[in-house]
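Chain by chain, the residues run as shown.
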Amino acid sequence: MTDDIVAGAAKLQLDEETGEMVSKNELKKRLQKRAKKAAAQARSQDAAQNLGIEAAAAVKEKLPPKPKADESYLDPDAMFKQGFLAEVFKERPAEEVMTRFPPEPNGYLHLGHAKAIAINFGFARYHGGKTVGRTTGLTTEQILRYAFYPTRFDDTNPDAEDEKYFVAIEETIRWLGFAPHAITYSSDNFQKLYDLAEKLIQLGKGYVCHCNEAEIKLQRGGEEGSSPRYRCAHAEQDVETNLQKFRDMRDGKYEPQTAFLRMKQDITSGNPQMWDVGAYRIPKDQTPHFRTGNQWRIYPTYDFAHCLCDSFEGITHSLCTTEFIMSRESYEWLNKTLGVYEPMQREYGELLPLGVFLLSPEPPPIRLPGWELGASATKADFLGRLNVSGTIMSKRALKKLVEGKFVRDWDDPRLYTLIAIRRRGVPPGALLSFINELGVTTSRTVIQTLRFEQSIRRYLETTVPRLMLVLDPVPVVIEDIDDLEGQQLDIPFSPKDPKMGSHKLRLTKTVYIDRSDFREVDSKDYFRLAPGKTVGLLQIPYPIKATSFSKDGATGRVTEIKVVFDKQGKKPKTYIQWVPEGSRKVEVRVHSQLFKSPDPTAVEGGFLNDINPDSEAVYPEALVESGFEEVRRRAPWPEAKGESKGAGPESVRFQAMRVAYFVSFWCLIAVDTDSTEDKIVLNRIVSLREDAGKR
Ligand SMILES: [Zn+2]
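A brief structural summary. Each residue is numbered by its place in its chain's sequence as written, counting from 1. Totals for whole chains, interfaces and linings use every residue, but because this is a predicted model, local features are given only for residues with pLDDT of at least 70 and side-chain atom pairs only at 80 or more, for both listing and counting.

On to the sheet that holds strand β9 (residues 299-300). One open sheet holds the 4 strands; their spatial order is β6-β7-β8-β9, and the pairing between them is antiparallel. A single partner strand is all that each edge strand has here, and the edge strands are β6 (206-209) and β9. Pairing between strands is defined by DSSP: at least two bridges between them are needed. What counts as a helix is a DSSP run of H or I of at least four residues, what counts as a strand is a run of E of at least two, and both are numbered from the N terminus. Of the pairings in the sheet, the one linking strand β8 (residues 278-281) to β9 comprises 2 bridges and is antiparallel in character. Residue pairing in the sheet places Y280 in a bridge with P300 of β9. Two residues qualify as being in contact provided that their C-beta atoms, derived from the backbone, are within 7 Å of each other. Interaxial angle, 0 to 180 degrees, is taken between N-to-C directions of lines fitted to C-alpha atoms, where a helix line uses only the stretch in contact. In the packing of helix α10 (residues 239-250) onto the sheet, contacts are made with β6, β7 (260-263) and β8, and the angle to β6 comes to roughly 60°.

The following block contains the structure:
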């Protein structure tokens, strides 16, 4: 008999409006009733509009439409088979595809980088090629930043800082299921780059210039860019003079910033990247380079080094964000002029996480045309650009949050660094599937958190086991349990997928339900436990009826509920979850948005004034049923390439059914890295539906 009822309970359905587990019939009835009500409302709205009252329009669905079940598993290679990336391949159908991933190791990666990883590594893998990780060394760009913005590294020993980022970047790539074919350092190419700079001069396409910033700005069209562009006299020097001067630069005969090598491009071009941009400079700060020490006094610019390093490495498709679209012309110009192998650069739209990231106008990590010359980029340009692009991930702002203890660490689940997303329990496959879903085009995509969470939910709903978890437990004593006490119930991990197996749960005289599933005073529109009211317990043969309860005199909190089985009554409409006596105590952390407004930096007094004080709710007394041990043993859930070896605790994931009424209907849960053998900490990955507070 138990089996029948358990099987029956497995067929229960979720009422998404109230979050209750109800029988099929009850759900049907409720839906009909609501449809009627909605129709009536629509009629009155029509009437309102007819009267010219504009009130109805705003009621439109806020959430993106609920995806159909068959959309759950998109072809993970879809983004390479059609659209932008398919066209890129068609343009150059290389037999041995070689891509590269060159992040600047000056901070933790964020969602936008996940897209870059998915594209660069995925593209190569799809076409049977390889990807070079130019990741664990300083890029030339960063060398420049060391040189020109040394204050950005004033916090700690830069090498130690960077080492941390290098490790995190590589771990993240592997976690996403990819592996770099090789890890290269731009600095390994310094001699080759230098030789090519001499070659450029010999070709009459490079000259040593001594102009200052103001002069360069004038040459490039002045403040407004409206006056005629022209070349300085240095552009007329002969090859011998340029060569000698360049060698003098190398040999330390010039003071820092008094001479630099410019490419002789095309100042009539409409593209500022062609207006004789810099190729080599003498940085002001001559601190030894972390790999080449004092060997070099001059360093190549990004514009000079990047395309050549791509060329040296045999990159077939150099895929970057549209931020570099202007650079494509100079990229092609330099490789062609020097007669070296020419990779193909193409630009895709970047992923911009909006609202959840912090804006900071401070350090200039993005490149602007002409920035290498230090001339045309003003702070206003920079800010304007930021406004366009929405947000950037600012290391400095994050640091304030971490050091001010507003968050737990750089990987706090409320943040959107990739290490935070990982700690929160988002599986690598869900992240890749989200990027795939968005597709790759040349336009920028602004990420909405709702959409991100919906994608994760869809990915996990059918692939992780279900367990019962009670956040704020209150004991329920089943007074007439008699011979049912100690009975073993066989609980499936998934109601739909028998392959996930099942686990045993022992019924005890005292069980625990969530405090929010009991009311001291019953009412007609209330369907869960209350004195005299009957409710079903998930997976238990008979419903229970509350007979009495006791309270703590001081706090007024309910301390115990007494119930009896309602063996004669009809089938309950609603079922609640419970855990038996002896269940494991765990700490559950439920996170929500860290900031109150979508643009925290626009808030008066800065983003720290916008922190949501309730962004982390902690339930230290939560109880999880014993099936957890098996779920933990069998992790990762779901199986994933990147998590197959050395998976962290966050790969222990499950779905908790209707955790607490006010928190969410169903939660997707993962184990937090703060866990120890004695104390398990769980994070909510996402809720099934984001309408906390609904009662
Ligand atoms: Zn000059």
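This part covers helix α16 (residues 428-438). Because each turn of an α-helix spans 3.6 residues, side chains separated by three or four positions in sequence point in the same direction. As a rule, residues whose C-beta atom has 12 or fewer other C-beta atoms within 10 Å are exposed, those with 20 or more are buried, and those in between are partly exposed; C-beta atoms are placed from the backbone. The buried count for α16 comes to 9 of 11 residues, which makes it a mostly enclosed element. Along α16, the residues classified as buried are P428, G429, A430, L431, L432, S433, F434, I435 and N436. Following α16 by one or two positions, G439 adopts a phi angle in the positive range, close to 80°.

Further remarks concern the pairing of strand β17 (residues 488-492). Within a regular strand, the side chains alternate between the two sheet faces. Burial along β17 is one-sided: L489 and I491 are buried, and none of Q488, D490 and P492, which face the opposite way, are. Here β17 runs beside strand β18 (residues 502-506); their pairing, made up of 5 bridges, is antiparallel. Paired with P492 across the bridge in β18 is S502.

Going from A635 to P636, the amide bond is cis rather than trans, its omega being 5°. Considering the arrangement of structural elements, one finds P636 in the loop between α18 (627-633) and β27 (653-660). Omega for the peptide link from W637 to P638 comes to -20°, which places this bond in the cis form. Looking at the element boundaries, P638 is found in the loop between α18 and β27. Positive phi, normally seen in glycine, also occurs at Q257, with a value near 70°. When you line up the elements, Q257 lands in the loop between α10 and β7. Even without glycine at this site, D482 takes up a positive phi of about 45°. Checked against the element boundaries, D482 lands in the loop between β16 (473-478) and β17.

The strand order across the open sheet built from 9 strands is β1-β2-β23-β20-β21-β22-β16-β19-β24, with neighbouring strands paired in mixed fashion. The strands lining the two open edges of the sheet, one partner per strand, are β1 (13-15) and β24 (578-580). Averaged over neighbouring strand pairs, the angle between their axes works out to 45° when direction is ignored.

Before going further, it helps to examine the pairing of strand β25 (residues 584-591). The pairing of β25 with strand β26 (residues 616-624) spans 7 bridges and is antiparallel. When the sheet's bridge partners are listed, V588 is paired in β26 with Y619. In the sheet, β25 pairs with strand β29 (residues 680-687) via 4 bridges, with the strands oriented parallel. In the strand pairing of β29, R589 is matched with N683.

Another point: helix α8 (residues 190-202). With 13 residues, α8 extends 19 Å between its outermost C-alpha atoms, agreeing within 8% with the 18 Å of an ideal straight helix rising 1.5 Å per residue. Within the sequence span of α8, burial applies to F190, L193, L196, A197, L200 and I201. All buried residues of α8 fall inside an arc of 150° around its axis, so they share one side. Residues of α8 that are exposed and point over 90 degrees away from its buried face: Q191 and D195. Just downstream of α8 lies G204, where phi reads positive at about 75°. Given a helix with a known number of residues, its expected span is that number minus one, times 1.5 Å. Arc definition: directions from the helix axis to the C-beta atoms.

The next subject is the packing of α16 against helix α17 (residues 449-461). Working note: a packed helix pair is described by the angle between its axes plus the distance between those axes. Direction vectors running N to C along α16 and α17 enclose 125°, while the axes themselves pass 9 Å from each other. Overall, the two elements α16 and α17 adopt an arrangement that is oblique. Crossing of α16 against α17: the hand is right-handed. Contacts between α16 and α17 involve G429, A430, S433, F434 and E437 on the former and, on the latter, F452, S455, I456, Y459 and L460. In terms of residue class, the contact of α16 with α17 is built from 6 nonpolar, 3 polar and 1 charged. Should an angle fall under 35 degrees it is taken as roughly parallel, and over 145 as roughly antiparallel, whereas 65 to 115 is taken as roughly perpendicular and any remaining angle as oblique. For any helix crossing, the convention is left-handed if the near helix is rotated counterclockwise from the far helix by under a right angle, and right-handed if that rotation is clockwise. Basically, the charged four are Asp, Glu, Lys and Arg, the nonpolar ten are Ala, Val, Leu, Ile, Met, Phe, Trp, Tyr, Cys and Pro, and anything else, Gly included, counts as polar.

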